[in-house]
Amino acid sequence: MRPAIVVLNAGSSSVKFLLFAEQDGALEPVVRGQVEGIRTAPHFIARDGAGKVRAEKTWSEGEKLDHDGAVRHITDFLGELRGELALRAVGHRVVHGGIDYVQPVRLDAAVLTALEKYVPLAPLHQPHNLNPIRLLLEHRPQLVQVACFDTAFHATNPEVSRRFAIPAELHEAGVRRYGFHGLSYEFIAAVLGKYDAQAAAGRTIVLHLGNGSSMCAIEAGRSIASTMGFTALDGLPMGTRCGAIDPGVLLYLMDQRGMDARAIEKLLYSQSGLLGVSGISSDMRKLLESDDARARLAVDVYTYRIRREMGSLAAALGGVDAIVFTAGIGENSAEIRARICRDAAWLGVRLDDAANASGGPRISAPDSRVAVWVIPTNEELMIARHTQRLATA
Ligand code: ADP
């Protein structure tokens, strides 16, 4: 029986898990799965490393399942694997660590209470992230649980980068730039040296381009600035999120459209970004396949904002040695990478078209002043490593 660590990522409509077996300290992903459509049409599926379905369940219409039920179903399933694997710790993805949690942390009731304080900072994500922690503390108190935060990697940002130009009292109360996607950036920073030792010791801009998109400036492995701020709304336009917007627009929506906080939240989180501009889809693949002018405009707005932020992060770093593409769009779309690299020609970026078409990992031409890489991210492995370390400590 091998010891195992499970990583849980609990969102608003799904709970995802990835089970790692430990072998001489190494972590091997063995089963992954999820319960999705929790409040609508719940469906559970678990697959082994080869993609073969290990278990599946569909709840019939009218049969209720809540988030606790979804987590219970997953832990029951993991219990059934007891013959092969002994679960010794759970690692949770938690979006917000606030001011205090700048490292992964072992969980107990007191830490959970502290993390609940950050619900107002991430009301759409934090409560879902914390739910399974509470449930497992109650029902499996002996199980080691660890929280890993999307904000933590950016704790190294200098004060000038974190500060909004608003009165100090609000800054002290936590109204500041945090940055997100930190587990993805931390993973890239951890593996970059294997690809490019010079970049790992130097200045890199990482583009995490997925449904949620952001960019991070990393200097010698440490985050010094990123495009996301107080919330994961800021920075680049995303699948359905607006990205940076003049705060005056919010005042206008309240005064002239009579919109309240919930209506604005829905507009900015769920109806904007690629979906809002195109009116067609939030999915980059669909927009790239479409010849509708609105789809083209949505992609143009997306890449234009990236072009602008590239300049901003390059300025924060004082120059760039390498650019890294990661996440769904960054890892898979040669077309978007080519556009972004063309826009960054002023930085000395020259693309190797053939290498880009085949997915890299190095996609810059030999005469490029900036090395360009495609590196798949692995947030779950990052969480599993932290969990393993804290469970063993
Ligand atoms: P999440 O942020 O939900 O983890 P992903 O990182 O999986 O999302 O990214 C999803 C995005 O990646 C979608 O917009 C999808 O269209 C895009 N994507 C995936 N494959 C391709 C591809 N081959 N070409 C363009 N976009 C792609």
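Nothing here was measured: the structure is a model prediction, and the numbers come from that model.

Reading the values: rules and limits
- Residues numbered from 1 in each chain as written.
- Predicted model: local features only at pLDDT ≥ 70, side-chain atom pairs only at ≥ 80, totals over all residues.
- Heavy atoms only, no water.
- 1 Å grid on protein atoms, 1.4 Å probe; cavity = no way out; pocket = protein on both sides within 12 Å on 5 of 7 lines; lining within 4 Å.
- Points joined across faces, edges and corners; volume = space filled by probe spheres on them.
- Nonpolar A, V, L, I, M, F, W, Y, C, P; charged D, E, K, R; others polar.
- Helix = DSSP H or I, 4+ residues; strand = E, 2+ residues; numbered from the N terminus.
- Polar contact = N/O pair within 3.5 Å; in protein donor to acceptor, adjacent residues only side chain to side chain.
- Salt bridge = Lys/Arg side-chain N within 4 Å of Asp/Glu carboxyl O.
- Buried < 20%, exposed > 50% of the residue type's maximum accessible area, 1.4 Å probe, protein only.
- Expected span 1.5 Å × (residues − 1).

Enquirer: What is the right way to read empty space enclosed by the protein from this model?
Expert: To find leftover empty space, a probe the size of one water molecule is rolled over the atoms. Taken as a whole, this structure holds four cavities of 30 Å³ or more when the rule is applied. In this model, the largest cavity occupies a volume close to 80 Å³. Taken together, Val 95, His 96, Leu 121, Ala 122, Pro 123, Leu 124, His 125, Phe 180, Phe 230, Thr 231, Ala 232 and Tyr 269 make up the full set of residues lining the largest cavity. Per-class residue counts for the lining of the largest cavity are nine nonpolar, three polar and no charged. Quantified by volume, the second largest cavity comes out at close to 60 Å³. Lining of the second largest cavity is provided by Ala 189, Leu 192, Ala 199, Ala 200, Gly 202, Thr 204, Val 206, Ile 218, Glu 219, Ala 220 and Gly 221. For the lining of the second largest cavity, the secondary-structure elements that each account for two or more residues are helix H6 (182-195), helix H7 (197-201), strand S9 (203-209) and strand S10 (213-219). Of the residues belonging to the lining of the second largest cavity, the class tally is seven nonpolar, three polar and one charged.

Enquirer: What exactly am I supposed to notice about the layout of surface pockets here?
Expert: Estimates place the volume of the second largest pocket at around 860 Å³. As for the second largest pocket, its lining consists of 26 residues, of which Phe 230, Thr 231, Leu 233, Leu 250 and Leu 268 are closest to the centre. Secondary-structure elements contributing two or more residues to the lining of the second largest pocket are helix H8 (247-257) and helix H9 (261-270). A total of six residues in the lining of the second largest pocket trace back to one element, the largest contributor, which is H9. In the lining of the second largest pocket, the residues fall into 20 nonpolar, three polar and three charged.

Enquirer: Before we go on, may I ask you to explain H8 in this structure?
Expert: Within an α-helix, residues lying three or four positions from one another point in the same direction, as the helix has 3.6 residues per turn. At the N-terminal end of H8, a side-chain oxygen is found 2.7 Å from the backbone nitrogen of Gly 248, two or three residues along, and the residue is Asp 246. Where H8 terminates, the next one or two residues include Gly 258, which has phi positive at roughly 60 degrees.

Enquirer: Teacher, can you tell me more about the pattern of salt bridges here?
Expert: Side-chain pairing between opposite charges can occur once the charged atoms of the two side chains come close. Taken as a whole and assessed by the stated rule, the structure comprises 14 salt bridges. Measuring nitrogen to oxygen at the nearest pair gives 2.5 Å for the salt bridge that ties Glu 22 to Arg 88. In this pair, Glu 22 sits in strand S2 (residues 15-23) while Arg 88 sits in strand S6 (residues 85-94), placing the two residues 66 residues apart along the sequence. Its relative accessible area of 29% is what places Arg 88 among the partly exposed residues. A salt bridge links Asp 343 to Arg 307; its shortest N-O distance comes to 3.1 Å. Of this pair, Asp 343 sits in helix H14 (residues 334-343) while Arg 307 sits in helix H12 (residues 293-317), placing them 36 residues apart in sequence. Judged by its relative accessible area of 41%, Arg 307 falls in the partly exposed class.

Enquirer: Teacher, can you tell me more about helix H3 (residues 126-139) here?
Expert: With 14 residues, H3 ought to run about 20 Å at 1.5 Å a step, and its terminal C-alpha atoms sit 21 Å apart, in line with that. Taken residue by residue, H3 has Gln 126, His 128, Asn 129, Leu 130, Pro 132, Ile 133, Leu 135 and Leu 136 as its buried positions.

Without other data, these values stay purely geometric and don't point to any function.
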